[in-house]
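# Inside the fold
In case you want the letters, here they are:
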Amino acid sequence: MEEVLTLKYHISPDDFTRAGEASSDVKGKLKQMGVSPEAVRKVAIAMYEGEINMVIHANGGEITVNITPYEIEMILADVGPGIPDIDLAMTAGYSTAPDEIRSLGFGAGMGLPNMKKYTDEMKIDTTLGVGTTIRMIVKL
């Protein structure tokens, strides 16, 4: 049986002061474990983008990170409004972030495209009015 290290994080809605703490913690743990700098970078970017999306759009949520000798799996689950049009949401530069979020420097519409760009696999399951779960994998 392969060894799995599971890390869990609660993401608070609208808490920009703590946004990025989970991805930063995972980055530090992966470095300590001797994971390659390239894999650490990919995980940190993809998870940070997802974490920010959860804070802005999704009323927070839960992130579970499963680390095996072969891959790092990130599962981001929220109870937000859902994504009405995934293809549109995946378009670089498309954003539904309100002006007050943009004034903070967020909401440029690169979150989902960057999450896909920096992972080997990404799957989005979304139900309007129920929430969204995004599963991302970075292979080691």
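To be clear, the structure that these remarks concern was listed above.
All of the points below concern the structure found in this document. Values in this document were obtained by computation on a predicted structure and should not be read as measured data. (Residues numbered from 1 in each chain as written. Predicted model: local features only at pLDDT ≥ 70, side-chain atom pairs only at ≥ 80, totals over all residues. Heavy atoms only, no water.)

So, on to the nonpolar core. Ranked by internal contacts, the top residues of the largest apolar core, which has 35 residues, are Tyr-9, Val-65 and Met-74. Elements supplying a minimum of two residues to this core: strand E1 (5-11), helix H1 (21-32), helix H2 (37-57), strand E2 (61-67), strand E3 (71-77), helix H5 (111-117), strand E4 (121-127) and strand E5 (131-139). A total of nine residues in this core trace back to one element, the largest contributor, which is H2. Among all residues touching Tyr-9, those that are not within four sequence positions of it are Ala-22, Asp-25, Val-26, Lys-29, Met-47, Gly-61, Glu-62, Ile-63 and Val-65. (Core = buried A, V, L, I, M, F, W, Y, C linked by side-chain atoms within 4.5 Å. Buried < 20%, exposed > 50% of the residue type's maximum accessible area, 1.4 Å probe, protein only. Helix = DSSP H or I, 4+ residues; strand = E, 2+ residues; numbered from the N terminus. Contact = heavy atoms within 4.5 Å.)

For the rest of this paragraph, the subject is the pattern of salt bridges. Per the counting criterion, the structure on display carries eight salt bridges. Between Arg-18 and Glu-21 there is a salt bridge, with its nearest N and O atoms 3.0 Å apart. Given a relative accessible area of 44%, Arg-18 falls into the partly exposed group. Between Asp-25 and Lys-29 there is a salt bridge whose closest N-O contact spans 2.8 Å. Linking Asp-25 with Lys-29, this pair stays in helix H1, spanning four residues, or about one helical turn. (Salt bridge = Lys/Arg side-chain N within 4 Å of Asp/Glu carboxyl O.)

Turning to the sheet that holds E2, a few remarks are in order. What the five strands build is an open sheet, ordered E1-E2-E3-E5-E4; its pairing is antiparallel. Each of the sheet's edge strands pairs with one partner strand only, and the pair in question is E1 and E4. Taking the axes of each pair of neighbouring strands and ignoring which way they run, one obtains an average angle of 10 degrees across the sheet. Strand direction decides the pairing type here: E3 and E5, joined by seven bridges, are antiparallel. The partner of Glu-73 across the bridge, within E5, is Ile-137. (Pairing = 2+ DSSP bridges. Axes fitted to C-alpha atoms, helices over the stretch in contact; angles between N-to-C directions.)

Let us now look at the pairing of E4. Two strands pair when backbone bridges link them, and E4 and E5 are joined in this way by seven bridges, in the antiparallel orientation. Residue pairing for E5: Thr-126 is matched across the bridge by Thr-132. Between E4 and E5, which pair antiparallel one after the other, the connecting turn spans three residues, and Gly-129 there sits at a positive phi close to 80 degrees.

Here the focus is the packing of H1 against H2. Contact geometry of H1 with H2 gives a least axis separation of 8 Å together with a crossing angle of 165 degrees. For the element pair H1 / H2, the angle class is roughly antiparallel. In the crossing of H1 with H2, the sense of the turn from one axis to the other is right-handed. Along the contact surface, H1 presents Glu-21, Ala-22, Ser-23, Val-26, Lys-27, Leu-30 and Lys-31, while H2 presents Val-40, Val-43, Ala-44, Met-47, Tyr-48 and Glu-51. Of the residues that constitute the contact of H1 with H2, the class distribution is eight nonpolar, one polar and four charged. (Parallel < 35°, antiparallel > 145°, perpendicular 65-115°, else oblique. Left-handed = near helix turned anticlockwise from the far one by under 90°. Nonpolar A, V, L, I, M, F, W, Y, C, P; charged D, E, K, R; others polar.)

The topology assignment puts Glu-73 in strand E3. Here Glu-73 falls in the buried class, since its relative accessible area comes to 13%. Within the structure, the side chain of Glu-73 is placed 2.8 Å from the side chain of Asn-66, a separation counted as a polar contact. Within the local environment of Glu-73, its side chain forms a polar contact with the side chain of Arg-135, the two groups lying 2.5 Å apart. In this structure, Glu-73 is in contact with Thr-64, Val-65, Asn-66, Arg-135, Met-136 and Ile-137, ignoring residues within four places of it in sequence. (Polar contact = N/O pair within 3.5 Å; in protein donor to acceptor, adjacent residues only side chain to side chain.)

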